[in-house]
Every structure is written in C-alpha cells, then in structure tokens.
Amino acid sequence: MRHLLILGVLFFCIIAGNAEQTIADDSEWDLSGNVSIKARGFSQDALWPEQNTSDAEVSVSGEWEARWRSEEGDQRASFIPFVRWDENDDERSHIDLREAYWAYEGDGVELLVGVNKVFWGVTESVHLVDIINQTDLVEDIDQEDKLGQPMVNLAVQKDWGLINLYVLPYFRERTFPGLDGRFREPLRVDWDDAEYESGAKDKHVDLALRYSHYFGDVDVGLYYFRGTSREPRLQLSADGREFKPFYDQIDQVGLDLQYTRDAWLWKLEAIVRDGSDESFAASVAGFEYTFYQVYESDADIGILMEYQYDERSSKKPLTIADNDVFMGARWSLNDIQDTAVLAGVVVDKKTSETFFNLEAERRFGDNTFLELRVRAITNAESDEPLYSFSRDDYIQLQISRYF
Amino acid sequence: MKHLKILGATLLSMAAFLNSSPVWSETPEEKGFAVAARSDRSDRGFGDSKAEMTMVLRNAAGQESSRTMQFTTLEMSDESVGDKSLVLFSTPRDIEGTALLSHAKILDPDDQWLYLPALKRVKRISSRNKSGPFVGSEFAFEDFTASELNKFSYKYLREEPCGDLSCDVVERFPRYENSGYTRQISWVDTTDYQIRKIEFYDRRGSLLKELIFEDYRKYADKYWRAHRLVMKNVQTNKSTDLVYGEYKFNVGLTDKDFVKGRLSRLR
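What counts and how
- Residues numbered from 1 in each chain as written.
- Chains lettered and ligands numbered in written order.
- Predicted model: local features only at pLDDT ≥ 70, side-chain atom pairs only at ≥ 80, totals over all residues.
- Helix = DSSP H or I, 4+ residues; strand = E, 2+ residues; numbered from the N terminus.
- Buried ≥ 20, exposed ≤ 12 C-beta atoms within 10 Å, placed from the backbone.
- Contact = placed C-beta atoms within 7 Å.
- pLDDT = per-residue confidence, 0-100.
- Nonpolar A, V, L, I, M, F, W, Y, C, P; charged D, E, K, R; others polar.
- Pairing = 2+ DSSP bridges.
- Core = buried A, V, L, I, M, F, W, Y, C linked by C-beta atoms within 7 Å.
- Expected span 1.5 Å × (residues − 1).
- Arc of directions from axis to C-beta.

A. Quick look at the overall build of chain A. Helix and strand counts for chain A come out as 1 helix and 22 strands. Structurally, chain A occupies a C-alpha span of about 60 × 60 × 45 Å along its principal axes. Residues counted as buried form 38% of the 403 residues belonging to chain A. Sequence-distant contacts in chain A: of pairs separated by 6 or more residues, those separated by 24 or more amount to 55%.

In structure tokens:
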C-alpha cells in the first residue's frame, strides 16, 4: 500500500511537471519541481547482517512545488510534497510534506501558518545552530535534508533587525534507515515509536525566538529555543533487539556570527544546551578565503577551514563533531553550466577518524542537473561513532530533471 | 560685493584672453564629470523600479542558453549612498528562487547577500569579486553595480556622431578597488543624455568588451530605459544579451523590501 502511494505521488510529480506550462500561464500559481534518479555504488560489503548485499542501489525521488501569491501580493502559500522510492530500503522509501503554508504580510510583519523549512547558520562543515527542522536522515548522512515542520511563525522587521517568533506545536521524529539500508546502526532504530522526556510526547509545544541583523561587515543571529531536542539518544529496547530514540526536553541558546571582509569570510556558530541533567557548550569556527579569477580564468578557488568542538558527555546524543578539523576547497568555474566542485575532509584530532567528501555538479542544457558525490570513512575503530558506516564508502551519481 | 564680482569678471576675461580659449570651458576632467552627471541626474527621482529580464548567453560557436530573472531597484536619493537592488532568478529551473541582494556603496565594497532556496540559506558573500562573471555571463558583477556616478573619475574626449544622434565621448576610470578595468570609454548622446555604448579595457589596457544599449524607451515622460543591452567580449567572441520587459516604476517598494530577512519570503 505504501509503495503504491509512493509510486502514485512520484508519477504525479512527473505528470504535473509536464502539465506545468498550460496551468501556470494565466494564474497566480507558480508550479515547478524536479524528478531525480540516484545511483550509489558501494566499494565494500555491508558491515551488519541483514543489510542488503548488493553493492549498488538505485532510488528515484520527486519534489513538486506549487506556490501562490495573491494579486495584491500580501498573501502567499506554498505546497511542496517530496517523495523517494528506494529499491532496497523500505524505510528510505518515504513521503514528506516539505512545505504547506499560508502567510500574510503586512507592513514589516509576516504571519506564517503551516509546514515550513527554516535554516539558521553560517558554517559549512556542521550546522550546529540550525534547530527548527528535524533531519531527514534516510536522505543523506550530511543532515542537510530536513523534514517539514508545522509552525506558527511571526516575523517582525525593524530598522534594528529582524525578530522571529516560532511556535512549534508538533514534533517530527528523525528518520532512520531500515535493516536493509546502508548507513545504519548495528540494530534497527524503531524511529517512529520514540520515547520522550515530556509527557506531552510529540505534542509538546516548542518555542523559539530569534534576532538577526547585520552591523557593517558583521552578520549576527541569536536565538533561544525551548522544547524537544531534535537529536535523539538511542536506547536499547527492553528485549535488546532494537534501538528506541529518546528525545530530551532542552533549553538552548545559539549564536551565529560572520565577519565578511575583502575575500575573507570568518564564521562562528556556538550553542549552550541545558538538558535534563547536564548542560554543555559546542561551537564551530573557521574561515573561507576565495582566490577570484585564478590564473586569469573565470574560475574561483575557495579554501575552507573550520574547527568543531563539543563538550557534551557520553550521556548525551552522540556527535561526531566533538574535536575535529575540517579542511576543504571549493572550485567554481563560473561558466554557463555552473560547474562546481567541493572537496573536504573532517579529521578527529584525537582518534584520527576521517570523513572524506567530494561533490561535483554541472548543468546540462537548461533543465538537467548532474551531481557526482564520493564519500569515504577511514580510521573508524569499533568504539567510535562512524564505525557503523565504515564500510559504506560510496560513489553516487544523480541526474535531476527540473520543470 | 558688486565690485568684487566685476573685478572677478575682469580677471576672468583677461585670463580667457591670455589662454585664447573661453574661461567657462572646464578642464576635460570637469567636462567629463559634467556629462556623466547630467546623464546620471536625468534619471534622478525614479524612486523604485521593477522589470523582468532575460539573459541570453552565447559562446564563441554561437550556442545559446538563457536565464530569466526579476530586477528590482530602490533609488537612494543621497548621491553619496548607492542604490539597493534585488535579483530574483526564475530560470534555469534548478536555481529558481535564488536571489541576490545588494546594497551598493560608492567606494567601499558593496554589501551582498545570496539566498539559496534548496537549503533556505541566506549567505553574506564577499563583494571583492568585482571583475568576476555574473552568473556565467559576459557581464561582470561591477557592470551591474557600478552605475553610481561617483564610482568613477572622468575625462572628456570629444564629440562625435553616434547613429542618428551626436554623442559626447567620455573616458572613465574606476575609483573603487578590485576593478577588472583600467578604463572605460562611454558614448553619451547629447539629446537625451543616455549612454549608447561603453568600451571596457582590461588590466593590460587592451579592449576587452563592448556594450551597446538599444531600444531606449521613455517612462513617465522622463525616465529613459534601454531594453536591450548587448555585451560582446572581443577577446573571446562570447556575448551576452540582456532583454528587459516593461519597467514598472513606483511600485511602492521601501527599505524593508531590501533586507536580508526578506530573501526567504520572496516567493
């Protein structure tokens, strides 16, 4: 049944994409979206029993975007379903509403009601302060894919900055791959039967208040969040056969800063989180420096370096960004096809656990986009956080068709 | 007071006589500035504007690809402060919703923010990259942001026919840092005071690009806008056309529409 629904939505994305021209012409609706096919090849056999033994996997995804704006321009709405079908992992085949909201804008004020995505932060190697949306972990281990978050958001723009108030009435559980999937823990994570510190469980109303502005060359964001932690602790179930996620109640203050001067971007993200029995601080800081038009070409080369520090104890949700150095380089050709390559490595200073990542992208024609990705993990010993994924090195090719 | 004026006038006419050129004639620098200022000021008071634009990129073999975007501009009435502008892309589809917000400065680097819709991320970007290509085109970033009068110093060269009109030919030199140009030569017509053509000279001093302004239309009986800009790189033979749709003026934009917090709310 679920597969039928997924294939149905996927099919709808493709059909709706082709029908776009006829609908979009004489209305206030803007329809667009994309369909992608993604193939991954793994260099090693899977680590855990029951993982699919195939060294290749194919998945198909679709995202359909319908946006509306009123004639007066003061109201807008958005509806964006997302769907992925994966040939191996049932948990990875899933549907989500990335956006579904209505918003009204007055003079310097906007009220938004519904499901939306919100991003906060400045650094590249880890998104420490970003907290509103839950991670859609089955999509990618880089945690940049997010689930839609139901919210009421009031934004007030003043000369002295932007204030955003978020009331988040419903909690989204982090997704985890199934037994067949790669990038999984030794046991299955029963992700949709989570336990909570709050008696209200996933109905706990979370709150966030954020201020953001810029002062000359400095951009700043500061927020306070109170509610359910987006990061679960994985606890062994009573029968010891699977993990159950446990979500703490937390108070968190987060700061992001960027100083932009000449070709330098200096970045800092920091949080202080107060949980049930412990509080801790974490931060990531670094820079990006760009050499523009290298060797008199149109291409730019950016050098990135960041240091990640996290003082949380082992009682807290596990993090890999505890004492790590990230180094990377970004090569942008600035050509018509927007060709770009980003390569980076994150090394744990204590354990030398290493995560290597390469992303290359290029447009073909007007509507086709190709992405190549290579990821590898080395020096992960059995007691370290990335060990579970240590045999999941892969190369991935994704072709996306936009409409 | 009156005596002083008479004395001044006498001295000036004596000087004029000695120079055997009229005294009210300025130096070439002053005259060049005056031509540019007259052109710039002919556009003063437009308030805000909005236009759709199609960019057609052509490589040396003549292969084309295009991008479409919406341009909004907020005029700053103070000439010592640059205008604010916002570019919102609608094609290619994979970058739909990408937006670039610029607060232009005169000699300091501009403030610029980029909005990346896939991540919903607002990113402050370095504006040092003046001479780099704007979205893969033959237009550099500075070709879009450097229209402010005081970003250049000027030198008047000559007057010559340009098409059906007559043009003042003015050389201009970037005063801001990190320009990719040593100089530019602009042709400004003497009827409507609009720029008809610009030649760009690279850091070595050789001719790099030629920009032609076509299809000028007048709005509100006052404001001229070219609807077709053709930039040709004479060194690589690549070219980029900018084709503008109808401009809308005074659409009620304010400073609040040109803040980074609005970038995620544009669509």
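B. Fine view of the overall build of chain B. Scanning chain B from N- to C-terminus turns up 3 helices and 14 strands. In terms of principal-axis extent, the alpha carbons of chain B reach across some 70 × 45 × 35 Å. Classification of the 267 residues of chain B by burial places 35% in the buried group. By sequence separation, contacts in chain B at least 24 residues apart represent 42% of the contacts at least 6 residues apart.

C. Layout of the confidence of the model for chain B. Residues of chain B with pLDDT of at least 70 account for 90%, and the chain-wide mean is 89. Scored by ipTM, the complex comes to 0.92, with pTM at 0.90.

D. Spotlight on the interface of chain B and chain A. Across the boundary between the two partners, chain B contributes 23 residues, which contact 35 residues of chain A. Partitioned by chemical class, the residues of the side of chain B that touches chain A number 5 nonpolar, 7 polar and 11 charged.

E. Geometry of the pairing of strand β1 (residues 48–58) of chain B. All names here are of chain B. Two strands pair when backbone bridges link them, and β1 and strand β2 (residues 64–74) are joined in this way by 11 bridges, in the antiparallel orientation. What sits directly across from Val56, in β2, is Ser66. Taking the residues between adjacent antiparallel strands as the criterion, β1 and β2 are bridged by 5 residues, where Gly62 takes a positive phi near 90 degrees. Direction of pairing for β1 relative to strand β14 (residues 248–249): antiparallel, over a ladder of 2 bridges.

F. Quick peek at the nonpolar core. Grouped together as the largest cluster of nonpolar side chains are 31 residues, with contacts concentrated most on Leu128(A), Val129(A), Tyr166(A), Phe176(A), Ala208(A), Ile377(A) and Leu386(A). Going through the elements one at a time, β7 (161–168), β11 (218–228) and β16 (279–291) of chain A are the ones with two or more residues in this core. By size, the runner-up hydrophobic cluster in this structure holds 23 residues, among which are Ala36(B), Met55(B), Leu211(B) and Met231(B).

G. The arrangement of the environment of Trp68(A) in detail. Residue and element names in this part refer to chain A. In this structure, Trp68 sits in strand β2 (residues 56–69). Once the C-alpha coordinates of Trp68 and Trp29 are considered, the two residues, 39 residues apart in sequence, prove to be 4.5 Å apart. Non-local contacts of Trp68, meaning those with residues more than four positions away in its chain, are made with Glu28, Trp29, Arg76 and Ala77.

H. Molecular detail of helix α2 (residues 28–41) of chain B. Residues and elements named next belong to chain B. With 14 residues, α2 extends 19 Å between its outermost C-alpha atoms, agreeing within 8% with the 20 Å of an ideal straight helix rising 1.5 Å per residue. Every buried residue belonging to α2 is among Gly32, Phe33, Val35, Ala36 and Ser39, and all of these are buried. Down the axis of α2, the buried side of the element spans an arc of 160 degrees, and every buried residue falls inside it. Check the buried side of α2 and you find it contacts β7 (152–162), β8 (165–174), β9 (183–189) and β10 (195–201).

I. Summary view of the pairing of β2(B). Across 7 bridges, the pairing between β2(B) and strand β3 (residues 84–91) of chain B is antiparallel. The residue bridging Met69(B) from the neighbouring strand is Phe89(B), located in β3(B).

J. Structural context of the confidence of the model for chain A. Mean pLDDT over chain A stands at 91; residues scoring 70 or higher make up 95%. The model gives residues 21–26 of chain A a pLDDT under 50, and that stretch makes 5 contacts with residues more than four places away or in other chains.

K. Quick peek at the environment of Glu99(A). All names here are of chain A. Its place among the elements puts Glu99 in strand β4 (residues 94–106). Sequence spacing of Glu99 and Phe82 is 17 residues, and the spatial spacing of their C-alpha atoms is 9.1 Å. Every residue in contact with Glu99, bar those within four places of it in the chain, is listed here: Ser78, Phe79, Ile80, Val115, Asn116, Lys117 and Gly148.

L. The arrangement of unusual backbone geometry in detail. Here the residue pair Thr91(B) and Pro92(B) is connected by a cis peptide bond, since its omega of 0 degrees sits within 30 degrees of zero. Here Pro92(B) is to be found in the loop between β3 and β4 (99–103). The phi dihedral of Gln293(A) is positive, around 50 degrees, even though this residue is not glycine. Tracing the backbone through its elements, the reader meets Gln293(A) in the loop between β16 and β17 (300–310). For Gln293(A), a count of 17 C-beta atoms within 10 Å corresponds to the partly exposed category. Positioned with a positive phi, Val135(B) is a non-glycine residue whose angle comes to about 40 degrees. Mapped onto the elements of the fold, Val135(B) is located in the loop between β6 (121–125) and α3 (141–145). You can call Val135(B) buried: it has 21 C-beta atoms within 10 Å.

M. Up close: the environment of Thr228(A). Residue and element names in this part refer to chain A. Tracing the backbone through its elements, the reader meets Thr228 in strand β11. Remark: the alpha-carbon pair of Thr228 and Gly275, spanning 47 residues in sequence, is separated by 9.8 Å. For Thr228, the residues in contact, after removing those within four places along its chain, are Phe171, Tyr196, Ser198, His204, Asp206, Tyr247 and Gln249.

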